[in-house]
Amino acid sequence: AQTVTQSQPEMSVQEAETVTLSCTYDTSESDYYLFWYKQPPSRQMILVIRQEAYKQQNATENRFSVNFQKAAKSFSLKISDSQLGDAAMYFCACHPSGGYQKVTFGTGTKLQVIP
Amino acid sequence: DTAVSQTPKYLVTQMGNDKSIKCEQNLGHDTMYWYKQDSKKFLKIMFSYNNKELIINETVPNRFSPKSPDKAHLNLHINSLELGDSAVYFCASSQAGLANTGELFFGEGSRLTVL
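Let me sum up the structure you'll find in this document. (Residues numbered from 1 in each chain as written. Chains lettered and ligands numbered in written order. Predicted model: local features only at pLDDT ≥ 70, side-chain atom pairs only at ≥ 80, totals over all residues. Heavy atoms only, no water.)

**Comments concerning the state of the cysteines**
A covalent bond bridging the sulfur atoms of two cysteines is what the word disulfide describes. All names here are of chain B. Worth spelling out the cut-off: Note that a disulfide, as used here, is simply two cysteine sulfur atoms within 2.5 Å. For the purposes of this entry, the term helix denotes a DSSP run of H or I that reaches at least four residues, the term strand denotes a run of E that reaches at least two, and both are numbered from the N terminus. Accessibility here uses a 1.4 Å probe with only protein chains present; expressed as a share of the type maximum, an area under 20% marks a residue as buried, one over 50% as exposed, and anything in between as partly exposed.
Here the structure, examined in full by the defined rule, presents two disulfides over all chains. Each sulfur of the disulfide joining Cys23 and Cys91 lies 1.9 Å from the other. On the sign convention where negative means left-handed, the S-S torsion of about -80° between Cys23 and Cys91 marks this disulfide as left-handed. Residue Cys23 is located in strand E3 (residues 19–25), and its partner Cys91 is located in strand E9 (residues 87–94); the two are separated by 68 residues in the primary sequence. Pair check on accessibility: Cys23 and Cys91 agree, each one buried.

Shown next, in the form of structure tokens:
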């Protein structure tokens, strides 16, 4: 079983600034994937970024990057040059690799972008 | 083309009624899911099917009955609706087996309101 904790229910950032969303997780698996999903007001969940636990290098996708600290079981998301369209709920998630295991989500962080 | 599509997007119904939500994916994935998102945005898995077979069944009342006629479709039928069933229900799909990185592709959600 795994748990995912997001300790920031809400965050705000000025447009064009940088913001970091926190996530910690716990799993007994040796190999797993970590994700950040975005849920805008339109409701549909979209994958933002993915990290394989066996890779030391932090994943990046354009303005989105992660700080993956495996020993600390920490997986934070950094959004650079924040844009109004980044305003959404962000969910951190964990999935053991292979097989038919379930994805566990955190409780989400609501990000507000201030013009 | 919509990858994962759900219908209807909105349902408003009275307590005690029965309702169904349909889901279809055109991604060629073998695994499909139903997630429930409550009013606090918490996402919880309900069911998962792989190639028409039930593989995950969380503690869900037996008033909820999933049906998968083929691997591209997963429907959810709810009997005797209760107020607490009000939520957004998300269908999702992913690749199966060793290719299963856990990345989920979500539908737009179906908002169920029970009066």
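So, next bit.
**Thoughts on the nonpolar core**
Side chains of nonpolar character tend, in soluble globular proteins, to be buried together. This is how the line gets drawn: Buried residues of nine kinds, namely Ala, Val, Leu, Ile, Met, Phe, Trp, Tyr and Cys, make up a nonpolar core once their side-chain atoms join them within 4.5 Å. Two residues form a contact once any of their heavy atoms are found within 4.5 Å.
Core analysis: the biggest nonpolar cluster contains 25 residues, and Trp36, Phe75, Leu77, Tyr90 and Leu111 of chain A have the highest contact counts within it. Contributing elements (two or more residues each) for this core: strand E3 (19–21), strand E5 (32–39), strand E6 (46–52), strand E8 (64–69), strand E9 (74–79), strand E10 (88–96) and strand E12 (109–114) of chain A. By residue number, the principal contributor to this core is E10 of chain A, which donates four residues. Apart from the residues lying within four places of it in its own chain, the contact partners of Leu111 of chain A are Met11, Ser12, Val13, Val19, Leu21, Ile79, Asp86, Ala87, Ala88 and Tyr90 of chain A. If you look at the next biggest cluster of nonpolar residues, it comprises 20 residues, including Cys23, Trp34, Tyr49 and Tyr89 of chain B.

**Comments concerning the sheet that holds strand E7 (residues 64–70) of chain B**
Residue and element names in this part refer to chain B. To keep things clear, this is the line we draw: Strands qualify as paired when DSSP identifies two bridges or more between them. Under this scheme, a helix contributes an axis fitted over its contacting stretch, all axes are lines through C-alpha atoms, and angles between N-to-C directions fall in the 0 to 180 degree range.
The four strands lie next to each other as E1-E3-E8-E7, forming an open sheet whose pairing is antiparallel. Each edge of the open sheet carries a strand with a single partner, namely strand E1 (4–7) and E7. Neighbour-to-neighbour, the strand axes of this sheet turn through a mean angle of 15°, independent of strand direction. Inspection of the sheet shows E1 paired to E3 by four bridges, in the antiparallel sense. Opposite Ser5, over in E3, you have Glu24 as the bridge partner.

**Section: the pairing of E8 of chain A**
All names here are of chain A. The pairing of strand E7 (residues 60–61) with E8 spans two bridges and is classified as antiparallel. Counted as the bridge partner of Thr60 is Ser65 from E8. Hairpin geometry of E7 and E8 is characterised by an intervening segment of two residues between the two adjacent antiparallel strands and by a positive phi of about 55° at Asn62. Pairing geometry for E8 and E9, over six bridges, is antiparallel. Note on E9: the bridge partner recorded for Phe64 is Ile79. The turn linking E8 back onto E9 is made up of four residues, and Lys73 within it adopts a positive phi angle of 55°.

**A short note on the packing of aromatic side chains**
Counted only if it meets this: Working definition: rings of Phe, Tyr and Trp (its six-membered ring) pair if their centres are within 6.5 Å, and the pair is stacked with planes under 30 degrees apart, edge-to-face with planes over 60 apart, and tilted otherwise.
Considering all chains together, one arrives at 14 aromatic pairs over all chains under this definition. Between the aromatic rings of Tyr37 of chain A and Phe106 of chain B, the centroid separation amounts to 5.7 Å while the plane-to-plane angle is 85°, which identifies the pairing as edge-to-face. Within this pair, whereas Tyr37 of chain A is found in strand E5, its partner Phe106 of chain B is found in strand E10 (residues 105–106), the two belonging to separate chains. For Tyr37 of chain A, a relative accessible area of 0% corresponds to the buried category. Relative accessible area serves as the criterion here: at 4%, Phe106 of chain B is assigned to the buried category. Each ring, one from Phe68 of chain A and one from Phe75 of chain A, has its centre 6.3 Å from the other, and the planes form 80°; the classification is edge-to-face. A residue is classified by how much of its surface remains accessible, and Phe68 of chain A, at 8% relative accessible area, is buried.

**Thoughts on the interface of chain A and chain B**
The cut-off we apply is this: As a working definition, buried area equals the accessible area (1.4 Å probe) given up by two parts on being put together, with both sides summed. For the purposes of these results, a polar contact is taken to be a pair of N or O atoms within 3.5 Å, where, inside protein, one atom must be able to donate a hydrogen and its partner to accept one; residues adjacent in sequence count only when each atom of the pair is a side-chain atom.
Listed per partner, the contact involves 20 residues of chain A and 29 residues of chain B. Interface area for chain A against chain B, summed over the two sides, is near 2100 Å², with a carbon-plus-sulfur share of 55%. The tally of links between chain A and chain B comes to nine residue pairs in polar contact (both at pLDDT 80 or more). Elements supplying a minimum of two residues to the side of chain A that touches chain B: E5, E6 and E10 of chain A. The element that contributes the greatest number of residues to the side of chain A that touches chain B is E5 of chain A, accounting for four residues.

**Details of the pattern of salt bridges**
As a reminder of what qualifies: For this document, the term salt bridge refers to a Lys or Arg side-chain nitrogen within 4 Å of an Asp or Glu carboxyl oxygen.
Under the definition given, this model contains 10 salt bridges over all chains. Put simply, Arg63 of chain A and Asp86 of chain A hold a salt bridge, and the shortest N to O gap is 2.8 Å. One end of the pair, Arg63 of chain A, is in the loop between E7 and E8; the other, Asp86 of chain A, is in the loop between E9 and E10, and 23 residues separate them in sequence. Bridged by salt links that share partners, the residues Arg50, Glu52 and Lys55 of chain A together with Glu103 of chain B form one connected network.

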